[in-house]
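# Coordinate inspection notes
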2 protein chains.
Amino acid sequence: MDKQNTEINDFYQRLMSDYDDSNSHSGIDGERVARRLSEISQIGATDDGGSKRISFSQEEKQAKELVQKWMKEEGLSVKVDGAGNVFGRVEGKSNRPAILSGSHLDSVPHGGHFDGPLGVIAALEVASAWNELGEQPDSPYEVVIFTDEEGARFNGGLLGSQSFVGELDIEEEKKRVDFNGTPFSEVLDQAGLTPQGFVDAKRDLSDVKAFVEVHIEQGKQLEKRDLPVGVVTGIAGPTWLNVTFKGLAGHAGNTPMNDRTDALVAASEFVTNVKDFPPKVSSSGVATVGKLEVIPNGVNVIPGEVNLTLDIRDIKAEWKERMVQGIIAYAEKVSEKHGTTVDIQENMSVDPVQVPEDMQKLAGEAVEETLKSEPFYLPSGAGHDAMIVGRHIPVAMLFTQSQDGISHNPLEWSSLNDCVQTVHVLKRFIEKLS
Amino acid sequence: MDKQNTEINDFYQRLMSDYDDSNSHSGIDGERVARRLSEISQIGATDDGGSKRISFSQEEKQAKELVQKWMKEEGLSVKVDGAGNVFGRVEGKSNRPAILSGSHLDSVPHGGHFDGPLGVIAALEVASAWNELGEQPDSPYEVVIFTDEEGARFNGGLLGSQSFVGELDIEEEKKRVDFNGTPFSEVLDQAGLTPQGFVDAKRDLSDVKAFVEVHIEQGKQLEKRDLPVGVVTGIAGPTWLNVTFKGLAGHAGNTPMNDRTDALVAASEFVTNVKDFPPKVSSSGVATVGKLEVIPNGVNVIPGEVNLTLDIRDIKAEWKERMVQGIIAYAEKVSEKHGTTVDIQENMSVDPVQVPEDMQKLAGEAVEETLKSEPFYLPSGAGHDAMIVGRHIPVAMLFTQSQDGISHNPLEWSSLNDCVQTVHVLKRFIEKLS
């Protein structure tokens with residue numbers, strides 16, 4: 001048996017090892033979910049059990065083709081748009097706008113096997129279940145694979161969903177080069193795509209009622225509460241700030257304590273208290289100083305300058321803005337207290353997307369009806385295709401429990417039981433939307 | 001006129017430009033001080049008006065030879081020990097132990113023209129003044145040039161003074177290689193020295209009563225008070241600590257605020273409050289976090305680890321130790337509060353040296369008698385040859401005002417008026433000691 005087959009079998013075996021077969025019912029088959037996830041995991045498998053399916057690579061293409069094969073086997077009619085987004089359609093009893101569900105198949109350069117594929121396979125499993133049961137949804141249903149969610153190729157991402165909603169600025173994209181220095185158009189050409197195709201990919205959104213994305217949580221909230229699935233309340237778009245405190249460098253030995261303007265002391269007081277801003281505004285808000293650099297950074301030199309970054313997120317734009325303004329005012333206050341200067345630049349600001357109340361309510365009911373448990377609601381701190389789509393049509397997300405919150409890493413893991421429970425909730429949710 | 005001569009003349013012109021000639025009296029000649037400083041500045045002059053006389057270089061040797069020439073012209077008997085330390089001796093009326101004064105002539109790779117040379121030229125000017133006045137000191141007097149104070153060659157320094165007091169561990173030194181990878185013994189060989197010479201350089205210290213070093217302040221205390229000269233109370237040996245806070249890295253979006261163990265938040269609270277420890281212990285104590293590194297240092301990643309350094313100094317070992325212990329205990333308290341771990345390593349600890357009370361008193365009297373002003377006392381935060389010598393015999397230091405506290409930099413500057421005022425104090429001080 002060659003290495004790749006060992007990998008896939010190990011992954012499949014591990015998924016199945018603690019699977020409770022009683023979770024397979026109502027047309028949903030855990031073994032099929034495991035097999036499909038395993039077959040995808042084989043494409044771009046890395047030596048250490050991880051996944052490398054960079055966007056616009058042969059591996060992303062191969063994974064899409066594999067899922068298209070399954071779509072066709074399940075009787076779905078497959079369409080690929082100019083951005084390479086794949087839609088596998090089940091016609092409904094009526095010709096109402098379609099309900100879409102899916103995610104992406106590309107990965108970060110050294111990723112796991114759930115981020116993306118689970119959302120595609122879960123959406124496909126709903127169609128497979130209807131097939132098993134001989135059922136047809138009321139509204140048309142489409143299983144979606146969006147191109148290039150992760151952005152590992154051009155350091156951007158969400159290209160497929162942006163094209164789908166007509167948000168992509170193709171002239172800006174054309175300026176990009178990938179990690180090898182290959183220009184955007186050339187990379188597209190190698191993948192059998194064209195820039196114009198991305199423009200043409202814009203879907204007539206009056207044809208679409210809603211988009212639902214299943215994704216692993218990439219956090220620990222569900223694990224802490226021992227829950228298989230959670231209902232997402234909103235997707236928190238980040239605001240990134242660059243903050244620079246400038247004081248006066250000096251000799252650590254020859255400058256008395258009362259004659260210093262130490263940029264690091266000022267920055268530290270700021271960092272210490274940034275954590276207190278989110279709880280004042282909401283329970284979903286977060287603010288993080290992740291990066292901090294000291295200049296000149298010498299053992300015996302009083303720091304003259306500190307550059308730090310702030311990542312501020314919340315699911316409501318208004319809440320996020322309140323945090324941003326509060327934190328900026330506080331930086332100025334700390335700077336004044338310590339006699340430093342402070343300069344604050346906004347580097348990026350992505351609007352958060354709220355999941356509409358009625359979508360959350362239906363998803364919660366689907367949890368109650370299928371799992372017989374209270375729904376748990378949580379925000380998504382990371383961006384997803386649903387964030388892009390949600391600016392145009394109603395979206396919802398279901399999160400599946402992540403082990404230790406680990407993601408973008410070969411150690412990424414979710415139990416098959418939790419994946420299958422999520423599919424049950426998704427199927428009921430889609431049927432209720434339908 | 002070639003470049004080098006322009007430089008020296010520029011430097012000389014600048015020294016003389018605001019010189020008040022009434023400061024030249026009692027045998028002390030400001031013009032001679034300026035000329036000697038200028039001639040030394042020419043050796044190893046850099047394009048931007050700085051100085052490069054690396055220890056054990058031809059430039060250091062040349063500068064020593066130039067001063068030896070002046071010593072001989074002034075009738076001093078010159079001895080060079082096995083470490084290359086130079087002693088120019090004036091016999092006293094009595095044969096009591098000698099009083100020594102001097103400093104060093106080597107520089108950092110990109111230094112100025114005062115750090116070191118001023119101490120040597122000030123000491124020599126005292127002997128020149130006696131010559132002019134036809135006077136002889138009561139005790140023998142030696143002008144000293146110590147080898148390799150700065151340590152630019154082997155990243156160590158103070159080699160000459162360590163050899164002089166017999167403190168040098170020559171076997172350890174032999175393991176060193178310089179910035180070019182040249183071994184210690186080979187560098188010495190090129191400089192006409194031998195390792196054994198450094199061992200033999202140990203002076204019989206019963207022959208020496210005291211060592212007085214004139215040096216630029218390298219701080220701003222004298223400038224702020226508009227004083228030409230200050231009396232040093234002690235030389236603060238640094239203790240260097242490496243402190244590592246470890247928390248849990250995590251996604252900045254998907255980890256709620258109340259579920260974080262952010263190493264940077266803990267480290268920041270620590271850094272913010274370190275500044276409050278020195279004033280509790282003494283007015284001379286300082287504590288500085290100069291270097292801080294965040295791991296992994298990503299905008300959207302909660303910091304999992306922070307490594308920082310502490311530089312803690314005071315002129316009394318007991319005061320310094322009290323600060324060190326207080327700060328260590330506080331690091332542990334902060335760590336516990338934030339749920340991180342903290343690891344603290346002592347990297348270096350140099351004992352401070354106090355200037356004996358009676359030496360400070362005599363120096364203070366010399367200030368009052370020569371400048372007709374109250375003496376100002378201040379600690380030395382940086383290490384000097386006097387710190388090494390002071391562990392064995394009484395030492396004192398006089399600081400000359402530094403412009404903007406800048407040192408180890410071509411911009412290093414002290415006015416000739418302040419330099420000459422310092423020589424007046426030094427001369428009176430030596431005579432009182434004599």
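Residues numbered from 1 in each chain as written. Chains lettered and ligands numbered in written order. Predicted model: local features only at pLDDT ≥ 70, side-chain atom pairs only at ≥ 80, totals over all residues. Heavy atoms only, no water.

### A look at the overall build of chain A
Counting secondary structure elements, chain A contains 15 helices and 16 strands. Over its C-alpha atoms chain A spans a radius of gyration of 24 Å, differing by no more than 12% from the 22 Å that the globule rule assigns to 434 residues. Each principal axis of the C-alpha atoms in chain A carries an extent, and together these give about 80 × 50 × 45 Å. Per-residue burial over chain A gives 61% buried out of 434 residues. A separation threshold of at least 6 residues defines the contact pool for chain A, and within that pool the share at least 24 residues apart is 78%. By element, 45% of the accessible surface of chain A is carried by carbon and sulfur atoms, the whole surface being about 16600 Å². (Helix = DSSP H or I, 4+ residues; strand = E, 2+ residues; numbered from the N terminus. Rg over C-alpha atoms; globule rule 2.2 N^0.38 Å. Buried < 20%, exposed > 50% of the residue type's maximum accessible area, 1.4 Å probe, protein only. Contact = heavy atoms within 4.5 Å. Areas by Shrake-Rupley, 256 points an atom, 1.4 Å probe, with all protein chains shown as cover.)

### What to know about the interface of chain B and chain A
Listed as interface residues are 49 residues of chain B and, on the opposing side, 49 residues of chain A. Where chain B abuts chain A, roughly 3900 Å² becomes buried across the two surfaces, and 59% of that area is made up of carbon and sulfur atoms. Ranking the residues of chain B by area buried against chain A places Asn254, Met257 and Val299 of chain B at the top, with a combined share of 18%. Here chain B is connected to chain A by 2 salt bridges. Two residues, Lys224 of chain B and Asp259 of chain A, come together in a salt bridge whose shortest N-O distance is 2.4 Å. If you look at where chain B meets chain A, you find 19 residue pairs in polar contact (both at pLDDT 80 or more). Mapped by element, the contributors of at least two residues to the side of chain B that touches chain A are helix H9 (221-225), helix H10 (263-274), strand E9 (286-288), strand E10 (292-295), strand E11 (301-302) and strand E12 (305-314) of chain B. Examining the composition of the side of chain B that touches chain A, we find that 6 residues originate from one element, H10 of chain B, more than from any other. (Buried area = accessible area lost by both parts, 1.4 Å probe. Salt bridge = Lys/Arg side-chain N within 4 Å of Asp/Glu carboxyl O. Polar contact = N/O pair within 3.5 Å; in protein donor to acceptor, adjacent residues only side chain to side chain.)

### Observations regarding the relation of the copies chain B and chain A
Relating the two copies of this chain is a rotation about some axis coupled with a shift parallel to it. Mapping chain B onto chain A is achieved by rotating through 180° and translating by 0.0 Å along the same axis, at an RMSD of 0.1 Å. The relationship between the two copies is best expressed as a two-fold rotation axis. In terms of proximity to the rotation axis, the leading residue of chain B is Ser268 of chain B, whose C-alpha is 2.2 Å off the axis. A shared interface surface links the copies, since 100% of the contact residues of chain B are contact residues in chain A too. (Least-squares fit on C-alpha atoms with pLDDT ≥ 70 in both.)

### Details of the environment of Ser139 of chain A
All names here are of chain A. With respect to the helices, strands and loops of the structure, Ser139 is situated in the loop between helix H4 (117-133) and strand E4 (141-146). Classification of Ser139 by relative accessible area gives buried; the value is 2%. In this structure the C-alpha to C-alpha distance between Ser139 and Ser434, which are 295 residues apart in sequence, comes to 5.0 Å. Excluding anything up to four places from it in sequence, Ser139 contacts Gly92, Ser94, Arg96, Pro97, Ile99 and Ser434. A distance of 3.2 Å separates polar atoms of two side chains, one belonging to Ser139 and the other to Arg96.

### Section: the packing of aromatic side chains
The full count for this structure, using the stated rule, is 28 aromatic pairs over all chains. Taken together, the ring pairs in this structure connect Phe56, Phe154, Phe184 and Phe198 of chain A into an aromatic cluster. Lying across the ring of Phe87 of chain A, Arg203 of chain A places its NZ or CZ 5.3 Å from the centre. One cation-aromatic arrangement involves Arg14 of chain B over Trp413 of chain B; the distance from NZ or CZ to the ring centre is 3.6 Å. (Phe/Tyr/Trp six-rings, centres within 6.5 Å; stacked < 30°, edge-to-face > 60°. Lys NZ or Arg CZ within 6 Å of the ring centre and 35° of its normal.)

### Remarks on unusual backbone geometry
At the junction of Ile295 of chain A and Pro296 of chain A, the peptide bond is cis and its omega measures out at 5° in the coordinates. Tracing the backbone shows Pro296 of chain A in the loop between strand E10 (292-295) and strand E11 (301-302). Of note in this structure, Gln218 of chain B is not a glycine but carries a positive phi near 60°. Mapped onto the elements, Gln218 of chain B comes out in the loop between strand E5 (208-216) and H9. We note that Asn297 of chain B has phi near 65°; this positive angle belongs to a residue other than glycine. Within the element layout of this structure, Asn297 of chain B appears in the loop between E10 and E11. Asn297 of chain B sits in the buried class, given a relative accessible area of 18%.

### Describing the environment of Ser51 of chain A
All names here are of chain A. When you line up the elements, Ser51 lands in the loop between helix H2 (30-41) and helix H3 (58-73). We classify Ser51 as buried; its relative accessible area is 0%. Residues Ser51 and Leu227, spaced 176 residues apart in sequence, show a C-alpha to C-alpha distance of 26 Å. If near-sequence neighbours (up to four positions away) are discounted, Ser51 is found in contact with Gly44, Thr46, Ser107, Val108, Pro109, His110, Gly111, Gly112 and His113. A distance of 3.0 Å separates a polar atom in the side chain of Ser51 from a polar atom in the side chain of Arg53.

### Digging into the pattern of salt bridges
Under the definition given, this model contains 48 salt bridges over all chains. Between Asp138 of chain B and Lys93 of chain B there is a salt bridge, with its nearest N and O atoms 3.5 Å apart. Of the two residues, Asp138 of chain B sits in the loop between helix H4 (117-133) and strand E4 (141-146) while Lys93 of chain B sits in the loop between strand E2 (86-90) and strand E3 (98-104), which places them 45 residues apart along the sequence. By relative accessible area, which is 33% here, Asp138 of chain B ends up partly exposed. Since its relative accessible area comes to 58%, Lys93 of chain B is described here as exposed. Linked by salt bridges that have partners in common, Arg32, Arg36, Glu74, Glu125 and Glu132 of chain A make up one network.

### Some points on the packing of H2 of chain A against H4 of chain A
Residue and element names in this part refer to chain A. One way to put it is that H2 packs onto H4 with a least axis distance of 10 Å and a crossing angle of 140°. Classified by the angle between their axes, H2 and H4 sit oblique to one another. The handedness of the crossing between H2 and H4 comes out as right-handed. In this structure, H2 contributes Arg32, Val33, Arg36, Leu37 and Ile40 to the contact, and H4 contributes Pro117, Leu118, Ile121, Leu124, Glu125, Ser128, Ala129 and Glu132. The class makeup of the residues in the contact of H2 with H4 is 8 nonpolar, 1 polar and 4 charged. (Axes fitted to C-alpha atoms, helices over the stretch in contact; angles between N-to-C directions. Parallel < 35°, antiparallel > 145°, perpendicular 65-115°, else oblique. Left-handed = near helix turned anticlockwise from the far one by under 90°. Nonpolar A, V, L, I, M, F, W, Y, C, P; charged D, E, K, R; others polar.)

### Some details on the pairing of strand E5 (residues 208-216) of chain A
All names here are of chain A. Taken across its 9 residues, E5 has 8 buried, putting it largely inside the fold. Direction of pairing for strand E3 (residues 98-104) relative to E5: parallel, over a ladder of 4 bridges. Along E5, the bridge assignment pairs Ala98 with Val208. Bridge count between E5 and strand E16 (residues 395-400): 6 bridges; the pairing is parallel. (Pairing = 2+ DSSP bridges.)

### Notes on the nonpolar core
Residues Val67, Tyr141, Phe164 and Phe211 of chain B are the most contacted members of the largest nonpolar core, which totals 85 residues. Among the elements that take part in this core, H4 of chain B stands out by supplying 10 residues, more than any other. Grouped together as the second largest cluster of nonpolar side chains are 84 residues, Leu76, Ile99, Met359 and Leu426 of chain A included. (Core = buried A, V, L, I, M, F, W, Y, C linked by side-chain atoms within 4.5 Å.)

### A closer look at the pairing of strand E12 (residues 305-314) of chain A
Residue and element names in this part refer to chain A. For E12, the buried fraction is high: 9 of the 10 residues fall into the buried class. Both strand E7 (residues 237-246) and E12 contribute to a ladder of 10 bridges, which runs antiparallel. Note that in E12 the partner of Phe245 across the bridge is Val306. Pairing geometry for strand E9 (residues 286-288) and E12, over 3 bridges, is antiparallel. The residue bridging Thr288 from the neighbouring strand is Asp311, located in E12. Two strands pair when backbone bridges link them, and E10 and E12 are joined in this way by 4 bridges, in the antiparallel orientation.

### A word on the domain arrangement of chain A
Residue and element names in this part refer to chain A. According to the domain assignment, chain A consists of domain 1 (3-236 + 352-433) and domain 2 (238-349). Spacing between the C-alpha centres of domain 1 and domain 2 amounts to 37 Å. The partner domain 2 presents 8 residues to the 10 residues of domain 1 that form the contact. Here domain 1 meets domain 2 over a buried area of about 670 Å², counting both sides, of which 67% is carbon and sulfur. Counting the surface domain 1 buries against domain 2, the share from its top three residues, Ala236, Pro352 and Gln354, is 64%. Connecting domain 1 to domain 2 are 0 salt bridges. (Domains from an automatic or database assignment.)

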